[in-house]
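# Notes for the structure review
This is what each chain is made of:
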Amino acid sequence: MMERRKETESVSERIARGMEIAVEKCLLDKVVKGQTVVYAHDDGTVYSMSAKDALDHFLMEAVEEISKN
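Below is a short write-up of the structure. (Residues numbered from 1 in each chain as written. Predicted model: local features only at pLDDT ≥ 70, side-chain atom pairs only at ≥ 80, totals over all residues. Heavy atoms only, no water.)

A tally of helices and strands in the chain yields two helices and two strands. In sequence order, the chain lays out its α and β elements as α-β-β-α. Over its C-alpha atoms the chain spans a radius of gyration of 16 Å, topping by over 25% the 11 Å that the globule rule assigns to 69 residues. By its C-alpha atoms, the chain is 50 × 30 × 20 Å across when sized along the principal axes. Per-residue burial over the chain gives 9% buried out of 69 residues. Sequence-distant contacts in the chain: of pairs separated by 6 or more residues, those separated by 24 or more amount to 28%. (Helix = DSSP H or I, 4+ residues; strand = E, 2+ residues; numbered from the N terminus. Rg over C-alpha atoms; globule rule 2.2 N^0.38 Å. Buried < 20%, exposed > 50% of the residue type's maximum accessible area, 1.4 Å probe, protein only. Contact = heavy atoms within 4.5 Å.)

Structure below.
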């Protein structure tokens, strides 16, 4: 039972890391192309920002997460 839980956590961590890599690559591609990124607030209102600003924010959050561990 404990083996299964560890295996599931490992798979979940790998999936989460893969998603982070995909987001980073997508943002980098958009930065190169000079594009914007569209997001939504929790209340559903839409806003956009430059891909560079979005990438900067994404990387700052990643550094903060690494610093916690």
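Now that the structure is up, let's keep going.
What follows deals with helix α2 (residues 51-68). A turn of α-helix holds 3.6 residues, and therefore any two residues three or four places apart point the same way. The first and last C-alpha atoms of α2 sit 26 Å apart over 18 residues, in line with the 26 Å expected at 1.5 Å per residue. Taken as a whole, α2 has its buried residues at A51, A54, L55 and F58. Buried positions in α2, seen along its axis, are confined to an arc of 100° and lie on one side of it. In α2, those exposed residues whose orientation departs by more than 90 degrees from the buried face are M60, V63, E64, S67 and K68. (Expected span 1.5 Å × (residues − 1). Arc of directions from axis to C-beta.)

With six residues, the main nonpolar core is built from L27, V37, A51, A54, L55 and F58. The element that contributes the greatest number of residues to this core is α2, accounting for four residues. (Core = buried A, V, L, I, M, F, W, Y, C linked by side-chain atoms within 4.5 Å.)

Inspection of the entire model under this criterion finds three salt bridges. Put simply, E20 and R17 hold a salt bridge, and the shortest N to O gap is 3.3 Å. In this pair, E20 and R17 are both assigned in helix α1 (residues 2-33), three residues apart and thus about one turn of the helix distant. Note that K33 and D29 form a salt bridge whose closest N and O atoms lie 3.1 Å from each other. Remark: D29 and K33 occur in helix α1; sequence separation between them is four residues, near one turn of the helix. Of the residues examined, K33 reaches a relative accessible area of 53% and is grouped as exposed. (Salt bridge = Lys/Arg side-chain N within 4 Å of Asp/Glu carboxyl O.)

Read these as geometric descriptors, not functional statements.
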